[in-house]
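Spelled out from the first residue to the last, the chains are:
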Amino acid sequence: MPSSVVHSYEYFPKTEILRIVYQSGAIYDYLKVPQKIADQLKMVKSKGTFLNKVIKKKFKYVKIK
């Protein structure tokens, strides 16, 4: 089922950056995200809930667009 919040995401293991593309078109890079967290995002049913409860609270970010 598609997420109502997350359009897509990509993880860059060398830099530990998790790039989230929101349904709104906004793009954010979350910094120093461990591979384990990126793997968990891939597995969860609700990407938006996981993003709000785990990623946004813990990791600094940079708005790309």
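In this text, all values refer to a predicted model and were calculated from it rather than measured experimentally.

**Q** What is the right way to read the environment of Tyr30 from this model?
**A** By secondary structure assignment, the location of Tyr30 is in strand 3 (residues 27-30). Exposure remark for Tyr30: the relative accessible area of 3% places this residue in the buried category. Tyr30 sits 25 residues away from Ile55 along the chain, and the two C-alpha atoms are 7.8 Å apart. Ignoring any residue separated from it by four or fewer positions in sequence, one finds Tyr30 in contact with Glu16, Ile17, Leu18, Ile20, Tyr22, Leu51, Ile55, Lys56, Phe59, Lys60 and Tyr61. A distance of 2.7 Å separates the side chain of Tyr30 from the side chain of Tyr22, its partner in a polar contact.

**Q** Got a minute to help me understand the packing of aromatic side chains in this structure?
**A** A ring pair, where both rings are aromatic, is described by two values, the distance of the centres and the angle of the planes. For the coordinates displayed, the defined rule picks out four aromatic pairs. Ring geometry for Tyr28 versus Tyr61: centroids 5.4 Å apart, planes at 70°, classification edge-to-face. Note that Tyr28 is positioned in strand 3 and Tyr61 in strand 4 (residues 61-63), a separation of 33 residues in sequence. On the numbers, 5.8 Å between centres and 50° between planes, the contact of Tyr30 with Tyr61 is tilted. Of this pair, Tyr30 sits in strand 3 while Tyr61 sits in strand 4; the two residues are 31 residues apart in sequence, bridging distant segments of the chain. Feature note: the residues Tyr22, Tyr28, Tyr30 and Tyr61 constitute an aromatic cluster, connected by ring pairs.

**Q** Would you mind showing me how to read the environment of Lys60 here?
**A** In this fold, Lys60 is placed in the loop between helix 2 (47-58) and strand 4. Of the residues examined, Lys60 reaches a relative accessible area of 66% and is grouped as exposed. Here the alpha-carbon distance between Lys60 and Ser3, two residues 57 residues apart in the chain, equals 22 Å. Excluding residues within four positions of it along the chain, Lys60 makes contact with Asp29, Tyr30 and Leu31.

Cut-offs used in this document
Residues numbered from 1 in each chain as written. Predicted model: local features only at pLDDT ≥ 70, side-chain atom pairs only at ≥ 80, totals over all residues. Heavy atoms only, no water. Helix = DSSP H or I, 4+ residues; strand = E, 2+ residues; numbered from the N terminus. Buried < 20%, exposed > 50% of the residue type's maximum accessible area, 1.4 Å probe, protein only. Contact = heavy atoms within 4.5 Å. Polar contact = N/O pair within 3.5 Å; in protein donor to acceptor, adjacent residues only side chain to side chain. Phe/Tyr/Trp six-rings, centres within 6.5 Å; stacked < 30°, edge-to-face > 60°.

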